[in-house]
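# Per-entry structural report
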Amino acid sequence: MELTIGWLYPKLMSTYGDRGNVICIQRRCQWRDIPVKILPLEQTSDAELFLQADVIVGGGAQDRQQEIVMRDLQGAKAEALKNQLDNGIPGVFTCGSPQLLGHYYEPALGQRIQGLGLLDMVSKHPGPEAKRCIGNVVFEITAEPLRQELQAMTGEIPIVIGFENHGGRTYLQTVSPLGKVKTGYGNNGEDGFEGAFHQKAIATYSHGPLLPKNPFLADWLICTALEKKYQDSVQLTPLDDRLAQQARAAMLKRLD
Ligand code: GLN
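## A look at the packing of aromatic side chains
Going through the model one piece at a time under the given rule, you end up with one aromatic pair. Taking the centre distance of 6.2 Å and the plane angle of 55 degrees together, the rings of Phe197 and Trp220 count as tilted. A residue pair is termed long-range when its members are at least 10 positions apart, and Phe197 in strand S13 (residues 196–198) and Trp220 in helix H8 (residues 215–230) qualify at 23 residues. Residue classification places Trp220 among the buried residues on the basis of a relative accessible area of 3%. Across from the ring centre of Tyr104, 3.5 Å away, lies the NZ or CZ of Arg112, which sits over that ring.

As structure tokens, this is what we get:
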């Protein structure tokens, strides 16, 4: 078995440290002797490359870079990404990435950025004077079947710990929320929702990076990707996550 990680626009969408999600998946495969390849999906990449990814990671970006990305993510590339995610390729998309998977993102300044329309949601920045949503975030995953699959994997209710830093506010239409906020703003600081979930794609405002802080999510992505690729059940060798567990316990205590 081997895994290819498709990394969306790493040069443009790595402002908030989400490369840590790519590194986390890579290391958790290597620690299990699963060969892993990182495939940058850039402006110079053609659509075919998007189809080679077994799991796709998209990070956060500033408004200006999001506009540049969407000028490129059009036509065959946009269709390839949408088909991958609609067909159940797993992915984790943080902040600026999921804003572009929705119908549109209205930045603080400038024109509306049309999104892929894959997630039935919209995002709007209330303007350059508006308070940014910045701080630690804790939420409980409610999206099914993800919640059940995570509970079966860990034996616990899936609680995610992270850090958010966004000006845009996201409003879900028919797409499922990823979870319900316990601490922090979440999608918009109003409706108590955090993120979105579609097929096997996780959309969240949680940086951190997300996966090192919540290793069970990394393992879910790896397992889901390998099971889809090889059409067989996959049992991952357990790893020693005591350090991550201690860090989580400390944060949950601090934020409680
Ligand atoms: N530029 C977008 C916003 O401010 C996304 C920010 C991010 O990716 N952290 O909402």
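## Quick look at the site of the ligand
The full set close to the ligand counts 16 residues, and Asp63, Gln66, Cys95, Asn165 and Gly168 are the nearest of them. Within the side chain of Asp63, an N or O atom sits 2.6 Å from a nitrogen atom of the ligand. In this structure, Gly96 approaches the ligand through a main-chain N or O atom, which is 3.0 Å from an oxygen atom. Protein chains bury 99% of the 300 Å² of accessible surface belonging to the ligand in isolation.

Thresholds, definitions, all that
- Residues numbered from 1 in each chain as written.
- Predicted model: local features only at pLDDT ≥ 70, side-chain atom pairs only at ≥ 80, totals over all residues.
- Heavy atoms only, no water.
- Phe/Tyr/Trp six-rings, centres within 6.5 Å; stacked < 30°, edge-to-face > 60°.
- Helix = DSSP H or I, 4+ residues; strand = E, 2+ residues; numbered from the N terminus.
- Buried < 20%, exposed > 50% of the residue type's maximum accessible area, 1.4 Å probe, protein only.
- Lys NZ or Arg CZ within 6 Å of the ring centre and 35° of its normal.
- Near = heavy atom within 4 Å.
- Polar contact = N/O pair within 3.5 Å; in protein donor to acceptor, adjacent residues only side chain to side chain.
- Areas by Shrake-Rupley, 256 points an atom, 1.4 Å probe, with all protein chains shown as cover.

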